[in-house]
Amino acid sequence: MIDRRSFGKALGVGTGVAAASLAGVGAAHPAAAAPGAAAGRPGPGTPPTVPATAPGAHTTFPPLKRVTAGVLDVGYAELGPRHGPVVICLHGWPYDIHSYVDVAPLLAAEGYRVLVPYLRGHGTTRFLSPRTVRNAQQSAIALDVIAFMDALRIDQAVLAGFDWGSRTADIIAALWPERVKALVSVSGYLITSLEANLSPLPAKAEYAWWYQYYFATERGRKAMDDPDERRDLCRLVWDVVSPTWDFDDATFARTATAFDNPDYAAIVVHNYRWRLGLADGERRYDRFERLLAARPAIGVPTITLDAERDPFTGSLDGSSYRQMFTGPYDHRTLLGIGHDVPQEAPTAFAQAVIDADRL
């Protein structure tokens, strides 16, 4: 665990108010769900059932907000009552806040204050200084979210994410558990081990990561710098990793506007090169990366989700990472769903958030 006062001194951001204690008990039990449906948890205190919502039922957010947080001016969507319990939904790549365009209203209807920030280099989020390194190593992104919470005076929140968002939420839950009331993590434990990344994966797994290696080349960087090339590349990734999602051109176009951020290419390329050990991080994050290299366990109440049609999913029962979650826990498998879980299965994702909050 990282002391918040030490963190604030290290990065120059506010520390917020004192953290509340976590509570909750639960048992782990795998559950399979039909496409777009989440398994319930019977018994006393059963959480409310989220009404079934088809993907694409919503297309827009209310007018976006902005807040200065750490090294960023963060653009974000907000729905729900101002004083409701907070849920922060974190997107991945190549996606944006619209991955939660259906989830957010479902949670807001249950009384949650839902915040969906653009990660650094995406959408309306901007760096405050042109001198700030366009760094996308894992701890930098996690500390962005801590700074975002501090800027909004949010002491504790449910964190929910997929892809980069899962990794970011996992890191915060591991290093700052007092800030996380509960966690929903698609694909389970995603904290990056640079040492492990030096070893080859099975060929099929390497094949799924083709763009990671493309970005390691100068050709890949040039493709990301070109607006048309990067849109084509990102659209291909959507098609490949979500083979059952019948999204339309308008759905992709709404997200693709986030790729026009002036720092988008630099952030994406650095993220994948850093993971492969091909790009340096910043020394001010070394302390956090050393802690993450030790693969810290996550003890906050957690629900993990595995999507059946996601090419990055390993064992659907979550067994490959179960030992990394030591607190109240549940695992669910979403049948017929691909990588962008909240956008493909908004009902299941929203239900997982509500259920995790009650573990």
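A brief structural summary. (Residues numbered from 1 in each chain as written. Predicted model: local features only at pLDDT ≥ 70, side-chain atom pairs only at ≥ 80, totals over all residues. Heavy atoms only, no water.)

Focus on the environment of Trp-274
So, point 1. Structurally, Trp-274 is set in helix H10 (residues 264-275).
So, point 2. For Trp-274, a relative accessible area of 4% corresponds to the buried category.
So, point 3. Sequence-wise, Trp-274 and Gln-138 are 136 residues apart; in three dimensions their C-alpha atoms are separated by 9.0 Å.
So, point 4. Among residues more than four places away in sequence, those in contact with Trp-274 are Gln-137, Gln-138, Thr-192, Leu-194, Ala-279, Asp-280, Gly-281 and Glu-289. (Helix = DSSP H or I, 4+ residues; strand = E, 2+ residues; numbered from the N terminus. Buried < 20%, exposed > 50% of the residue type's maximum accessible area, 1.4 Å probe, protein only. Contact = heavy atoms within 4.5 Å.)

Overview of helix H11 (residues 286-293)
So, point 1. Within H11, the full set of buried residues consists of Phe-288, Glu-289 and Leu-292. Angular distribution of buried residues about the axis of H11 spans 100°; they occupy a single face of the element. Facing away from the buried side of H11, by more than 90 degrees, are the exposed residues Arg-290 and Ala-293.
So, point 2. Arg-295, located one to two residues past H11, shows a positive phi value of around 55°. (Arc of directions from axis to C-beta.)

Regarding the packing of aromatic side chains
So, point 1. Applying the stated criterion to the full structure yields 27 aromatic pairs.
So, point 2. An aromatic cluster of three or more residues is present, and its members are Tyr-95, Tyr-100, Phe-162, Trp-238, Trp-245, Phe-247, Phe-252, Phe-259, Tyr-264 and Phe-349. (Phe/Tyr/Trp six-rings, centres within 6.5 Å; stacked < 30°, edge-to-face > 60°.)

Observations regarding the layout of surface pockets
The rolling of a water-molecule-sized probe over the atoms marks out the regions of remaining empty space.
So, point 1. As a volume, the largest pocket reaches approximately 1,300 Å³.
So, point 2. In this structure, the largest pocket is lined by 39 residues; those nearest its centre are Leu-190, Leu-201, Ala-205, Trp-209 and Phe-312.
So, point 3. By residue number, the principal contributor to the lining of the largest pocket is helix H5 (residues 203-208), which donates five residues.
So, point 4. In terms of residue class, the lining of the largest pocket is made up of 21 nonpolar, 11 polar and seven charged. (1 Å grid on protein atoms, 1.4 Å probe; cavity = no way out; pocket = protein on both sides within 12 Å on 5 of 7 lines; lining within 4 Å. Points joined across faces, edges and corners; volume = space filled by probe spheres on them. Nonpolar A, V, L, I, M, F, W, Y, C, P; charged D, E, K, R; others polar.)

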